[in-house]
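# Secondary and tertiary structure notes
Residues per chain, in single letters:
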Amino acid sequence: MNGVMFDMDDVIDHFMVRSQKLLLPPRMVCCSQSLFSFITKHSFDHRVAKRIKDINRKLDEIQKNRNMFGLERTNSQHFQVNVVDKSQTSPIDELEVFGREIRQATDDIVKRILSNFDENGPTVFGIQGMGGIGKTTLAQKIYNEQWIREKFQVHIWLCISQSYTEIGLLRQAIRMAGAACDQLETKTELLLHLMDTIRGKNVFLVLDDVWKSDVWIDLLRSPFERCSNANILVTTRNLDVLAGMHATYTHQVNKMNDYDGLELLMKSFRPYAQISEFTDVGYQIVKKCDGLPLAIVVVAGVLSTKRTREEWESIRDGEWSIHGLPKELGGPLYLSYSSLPPQLKQCFLWCALLPPNFAIDRNAVVYCWVAEGFVRKGHKYSIYEIAEEYYHELIRRNLLQPKPEFVDKAISTMHDLLRSLGQYLTRHHSLFMNAENNEALPNLRRISISSAVEEIPSMEEQKCVRSLLIFNNKNFKSIHTNIFRKLEHIRILVLSGTGILTMPESVGNLVLLGLLDLSYTEISKLPDSIGRLISLEYLSLRGCHKLDSLPVSLMRLSQICFLQLEQTAIDHVPKGIAMFQQLYYLRGVFERGTGFRLDELKCLPNIRHLWIEKLEKAKPRGALVLRESSKLKELGLCCTRGMDTYNRTYYHANEIDKVEKVYEMLMPSPSLVYIFLVGFPGARFPEWLCSEPERKLPNLAHMLLNECISCSHLPPAGQMPELLVLQIRGADAVVTSEYRRRTPWERCVQCSSFFFPKLELLRLIDMRNLESWSLSTGNLCDSMKAKSRQLVMMPFLKRLWLKDCPKLKALPEDLHRAANLKRIHIEGAHKLQEVVNLPEVVWLKVKNNRSLRRISNLHKLQDLLARVVQNLRSLKRLYMVDCLNAQQFRNCLLKKEQDILVHVATVGVDGQDIFPDESLYH
């Protein structure tokens, strides 16, 4: 049945393209017999007519089988798109799956590793268990344990999986050991460099998800035998792997007990009090998950759309598997898939084509789904907005796992078991090709080739393929001249990071091609035939450092929606961008000479993501070019930066005046959500950012100002109603940091009683001359007191990051009023003498602050990485580094009978930071 549907799709799309070529208006058609009667009336060639006849015959056979077996049409659920609250439930962070058993297992394995520390030669410890049971979570806990960070100079984490490459693995090991290897190409060169890097050092190595022992025996054992001491922690599903590696100890991960499982399941539903009334049904569902944390998490995703007891019972009593499905993929994992609406099923299955641990970029994957035809335009939202909602729905259902460092969930990954499920369900028409599975079946529709495949198979016979994905495989160096004359059904072609030097002219035959990704390849020229790709909507040339020009024919592609040009050698963008009326995402464009001009941006009604580079070359023309771009969400404005740290954005006075006028001309519309200013050389930020930005940019949520070295005053961002993230980096001219506006406060007293009302994350980085940081609100507080109103200071601020602010003397006096401030990192603030009176902080890291003498009155502090402390009632863990009076301090704490775990250590000979990995605490 799938094959027939693919064939129908191909014929319909070719017909639509033919109609477009003949300047016929495209018509809405349905997949019925009348469609094929309609198509055959047109002068298609004999080959196409024969395909239609074959499809009709197959449809007749399907109809006969339906009647014979009494098959009935099922009513599939429909996913209603609402671009509103995406937080009805919270995706569960795997690092939160910590029960009593994992804590005990962590302590036990750490003790065994430390007791073996003085042994000669590498020692292997193993963690074994079935997929989804929490092996990686346990390994992460051990890797981040303070004792492990203290004892070992070098810490390396390698994810092995089934599709690793030896070259890639060696490169990753070298980088994590603190060395560079960009110029090394061969396995021998990399092995020797790794040996030299770790020779004579104490090394802790994690090999995660090992399927065969040869990765250790044949590749990594030899260099790690040169270490002074090497302890290797291996996670695997197979005990034979650990036996082959001669593991001295193996910990078998137990299944989660039902009560811990119920707690994990219910974490997502805490805001909904009514759901707690049927936890008995939740308990019965947890029992069916058989103690697997991953299974519980994905079932929580299924339940996230259910709000009644009856719906939960239907899930409990429903079908949890299908005949023939491997046991480890059945049960809750299959349930999580089968409960998806049809359009989300297709999107989920497509993601299974991507390599293991692949960083799934929201902005890229939604275009793939559109190019495949999974998304249909709605009445209210654009097709790309709908696709983005599909992406967020998969996250909400825990089928994609967002990376925690991205506040907006723009990057995610897929668990390897969910990938395996997707690949099994699509095995008859899709293939992820790796070193183990490198034989292509005939009539495949989608092929993804990993970097581990050393010999790329011939594609000439794959005449039905519609998606071909090759990521970071340098073995793929050339494309047969006429291959694209045979692969006429391709919609998606990804050759990112491959070794290709040229694209053949035959690429112009791919009339159905909607997405072409040539990023980070070695191509130096695009063929003129690219102008014949009338279906092309997505083109990425990012990182093509040898590409120095664009063909004029490119400007004929009126359907282009996504265009990436940054990090290339292009010195001229052709004029005519204004003709791309469908353009949604444009990055890396710049003005120069007779080519593209900034005023063309006024003609792009659908633009949402825009990054403009080399603005020092642009000419000011007065008119506002973006103010009416009502759909604009993201704007990046960049000037070229020098490599010299002390000359990062130096320009002559007349050039600076010109750049300032250009930035004023680029005033964005009120719809903006993200603003990035990079390398702005002016002495004052643009007026639209300095004067009442809360009125001009009321929807702004992310403000990142990097290397704006000449601006002495920061924008008055304190009253921006939606601001979530604020980052200031490299603002060398700022001596006093204030965020209050320099116009009378009385005008805004009526508007808000909050200062930074929604800010969650604040970063001040590389502020060399910052001496004082004030949250003073001056006249506003006086005015509000007169009106008997209280100003609420940063009510949602959770994290504060101060790094490399060497002249900063003190934290703001009013910082204690940030009621939700939980985590603070202060590093390189050499004039800072004290950190005091922060009642809600639970995690504090202070590192390399030469004058810091006192930490006091942090009553809820639980994790401290610091030196001198007072009055910390809730302290649970203390880490002292290079403390001369460590023993006296320890004795003092013990006398107070406070239950504190004290770690005392010195920095390693290489100055290695022995603090725990901070990401664990975010």
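Keep in mind it's a predicted model, so treat the numbers as computed, not measured.

## Details of the overall build of the protein chain
In terms of regular secondary structure, the protein chain is built from 26 helices and 35 strands. The buried share of the protein chain, reckoned over its 922 residues, is 54%. Intrachain contacts of the protein chain at a sequence separation of at least 6 include 59% that bridge at least 24 residues. For the protein chain, the accessible area works out to roughly 41400 Å², and carbon and sulfur atoms hold 49% of it.

## As for unusual backbone geometry
With phi around 50°, E692 is a residue other than glycine that occupies positive phi space. Considering the arrangement of structural elements, one finds E692 in the loop between α22 (687-690) and α23 (693-696). Although it is not a glycine, N857 adopts a positive phi angle of roughly 60°. Residue placement: N857 occurs in the loop between β31 (854-856) and β32 (863-865). Given the relative accessible area of 23%, N857 is considered partly exposed.

## Digging into the packing of helix α7 (residues 166-176) against helix α9 (residues 214-224)
The geometry of α7 relative to α9 is characterised by a closest axis approach of 12 Å and an angle of 65° between their N-to-C directions. For α7 against α9, the interelement crossing comes out right-handed. For the pair α7 and α9, contact is made by E166, L169 and L170 and by V215, L219 and L220, respectively. Partitioning the contact of α7 with α9 into residue classes produces 5 nonpolar, no polar and 1 charged.

## Here we look at the confidence of the model for the protein chain
Across the protein chain, the average pLDDT comes to 80, with 77% of residues at or above 70. Taken as a whole, residues 24-44 scores under 50 in pLDDT and shows 25 contacts with residues more than four places along the chain or in a different chain. Segment residues 83-98: pLDDT under 50, and 36 contacts once partners within four positions in sequence are set aside and those in other chains are kept.

## Description of the pairing of strand β18 (residues 634-638)
Along β18, 5 of the 5 residues are buried, which leaves the element largely enclosed by surrounding structure. The two faces of β18 match: E634, G636 and C638 on one face and L635 and L637 on the other face are all buried. Two strands pair when backbone bridges link them, and strand β17 (residues 609-612) and β18 are joined in this way by 4 bridges, in the parallel orientation. Within β18, the residue paired with H609 across the bridge is E634. Judged from the 5 bridges that link them, β18 and strand β19 (residues 674-678) form a sheet pairing that is parallel. The partner of G636 across the bridge, within β19, is F676.

## Concerning the sheet that holds strand β8 (residues 411-413)
If you trace the 3 strands from one edge of the open sheet to the other, you get β6-β8-β7, paired in antiparallel fashion. Looking at strand neighbours, the two that pair on one side only are β6 (360-361) and β7 (401-402), the edges of this open sheet. The sheet contact formed by β7 and β8 spans 2 bridges and is antiparallel. Across the sheet, P402 pairs through a bridge with S412, a residue of β8.

## Digging into the packing of helix α11 (residues 258-266) against helix α13 (residues 293-303)
For the pair α11 and α13, interaxial distance at closest approach is 9 Å and the crossing angle is 40°. Taken together, α11 and α13 sit at an angle that is classed as oblique. α11 and α13 meet at a crossing whose hand is right-handed. Of the residues in α13, those in contact with G261, L264 and L265 of α11 are P293, I296, V297, V299, A300 and L303.

## A closer look at the side chain of T426
On the secondary structure map, T426 appears in the loop between α19 (416-425) and β9 (430-433). Judged by relative accessible area, T426 falls into the buried class, the value being 7%. From its side chain, T426 meets the backbone oxygen of G422 in a polar contact 2.8 Å long.

## Section: the sheet that holds strand β3 (residues 202-210)
Across the sheet, 5 strands lie side by side as β2-β3-β4-β1-β5; this open sheet has parallel pairing. Pairing within the sheet leaves two strands with one partner each, and these edge strands are β2 (154-159) and β5 (249-252). Averaged over all pairs of adjacent strands, the angle between strand axes in this sheet comes to 15°, irrespective of strand direction. Taken together, the 4 bridges between strand β1 (residues 123-128) and β5 define a ladder with parallel strand orientation. Counterpart to Q128 in the pairing with β5 is Q252.

## Observations regarding the packing of aromatic side chains
Applying the stated criterion to the full structure yields 21 aromatic pairs. Pairing F152 with F204 gives two aromatic rings, centres 5.5 Å apart and planes at 45°, and the pair type is tilted. With a gap of 52 residues between them, F152 in the loop between α6 (146-151) and β2 and F204 in strand β3 connect regions that are remote in the sequence. Its relative accessible area of 1% is what places F152 among the buried residues. Ring centres of W216 and F224 lie 6.3 Å apart, and the angle between their planes is 40°; on these two criteria the pair is classed as tilted. You'll find W216 and F224 in the same group, each marked buried. Ring pairs connect the aromatic residues Y367, Y384, Y538, F562, Y584 and Y585, which therefore count as one cluster. Over the face of the ring belonging to Y249 we find R112, whose NZ or CZ atom lies 3.8 Å from the ring centre. Seen from the ring of Y337, K345 lies directly overhead, with NZ or CZ sitting 5.3 Å from the centre.

## Here's the deal with the state of the cysteines
Considering all chains together, one arrives at 0 disulfides under this definition. Sulfur of C711: no disulfide; nearest cysteine sulfur belongs to C708 and is 5.6 Å away. Using a relative accessible area of 1% as the deciding quantity, one classes C711 as buried.

## With respect to the pattern of salt bridges
All chains considered together, the criterion is met by 31 salt bridges. Between D290 and K255 there is a salt bridge whose closest N-O contact spans 2.5 Å. With D290 in the loop between α12 (279-288) and α13 and K255 in the loop between β5 and α11, the pair connects residues that are 35 residues apart, well separated along the chain. With relative accessibility at 41%, the residue D290 sits in the partly exposed group. The class for K255 is partly exposed, based on a relative accessible area of 35%. In this structure, R309 and D280 form a salt bridge, with 2.6 Å as the shortest nitrogen-oxygen distance. Note that R309 is positioned in helix α14 (residues 309-317) and D280 in helix α12, a separation of 29 residues in sequence.

## Looking at α13
Among the 11 residues of α13, 11 are classified as buried, and the element is accordingly described as predominantly covered. Three or more residues of α13 are buried, namely P293, L294, A295, I296, V297, V298, V299, A300, G301, V302 and L303. Along its buried surface, α13 packs onto α11, α12, α14, α15 (332-338), α18 (383-396) and α19.

## So, α11
Taking burial as the measure, the 9 residues of α11 include 7 buried ones, the bulk of the element. Those residues of α11 not exposed but buried are D258, D260, G261, L262, L264, L265 and M266.

## A closer look at the pairing of strand β30 (residues 843-847)
In terms of burial, β30 is a largely internal element, 4 of the 5 residues being buried. Note: strand β28 (residues 823-827) against β30, 5 bridges, orientation parallel. Bridge assignment links I826 to a residue of β30, and that residue is V846.

## Focus on the environment of T502
Along the chain, T502 turns up in the loop between β12 (492-494) and β13 (515-517). Residues T502 and P527, spaced 25 residues apart in sequence, show a C-alpha to C-alpha distance of 8.4 Å. In this structure, T502 is in contact with I479 and I523, ignoring residues within four places of it in sequence.

## Some words on the environment of S669
You can see S669 is positioned in the loop between α21 (653-665) and β19. Given a relative accessible area of 1%, S669 falls into the buried group. For the pair formed by S669 and K633, sequence separation is 36 residues and the distance between their alpha carbons is 8.8 Å. Beyond its immediate sequence surroundings of up to four residues, S669 is in contact with L626, R627, S629, S630, L632 and L697.

What counts and what doesn't
- As a convention, each chain's residues are numbered from 1 in the sequence order in which they are written.
- Per-residue local features are limited, in this predicted model, to residues with pLDDT of at least 70; the limit for side-chain atom pairs, both in listing and counting, is 80 or more; totals at the level of whole chains, interfaces and linings are taken over all residues.
- Hydrogens and waters are ignored; side-chain quantities use all the structure's heavy atoms.
- Under the scheme used here, helices are H or I runs from DSSP no shorter than 4 residues and strands are E runs no shorter than 2 residues, and both carry numbers assigned from the N terminus.
- Burial here depends on accessible area, computed with a 1.4 Å probe over protein chains only, as a share of the maximum for the residue type. Under 20% is buried, over 50% is exposed, and the range in between is partly exposed.
- We call two residues in contact when some of their heavy atoms are within 4.5 Å.
- Per-residue and other accessible areas follow the Shrake-Rupley method at a 1.4 Å probe size, with only the shown protein chains counted as cover for residues.
- For helices, the axis comes from a line fit to the C-alpha atoms of the stretch in contact; other axes are also lines fit to C-alpha atoms, and the angle between any two N-to-C directions lies between 0 and 180 degrees.
- Crossing chirality is assigned from the near helix's rotation relative to the far helix, an anticlockwise turn below a right angle marking it left-handed and a clockwise turn marking it right-handed.
- Each residue receives one of three labels: charged for Asp, Glu, Lys and Arg, nonpolar for Ala, Val, Leu, Ile, Met, Phe, Trp, Tyr, Cys and Pro, and polar for the others, Gly being one of them.
- As a per-residue measure, pLDDT tells how confident the predictor is, with possible values from 0 to 100.
- Pairing between strands is defined by DSSP: at least two bridges between them are needed.
- In this scheme, roughly parallel covers angles under 35 degrees and roughly antiparallel covers those over 145, while 65 to 115 is roughly perpendicular and the rest are oblique.
- Any pair of N or O atoms that falls within 3.5 Å is considered a polar contact. Within protein, one atom must be able to donate a hydrogen and the other to accept it, and sequence-neighbouring residues count only if both atoms are side-chain atoms.
- Think of it this way: a Phe, Tyr or Trp ring, Trp meaning its six-membered ring, pairs with another when their centres are within 6.5 Å, and the plane angle makes it stacked under 30 degrees, edge-to-face over 60, tilted otherwise.
- Charge over a ring is defined by NZ of Lys or CZ of Arg lying within 6 Å of the ring centre and within 35 degrees of the ring normal.
- The criterion for a disulfide is a pair of cysteine sulfur atoms lying within 2.5 Å.
- In the sections that follow, a salt bridge refers to a side-chain nitrogen of Lys or Arg positioned within 4 Å of a carboxyl oxygen of Asp or Glu.

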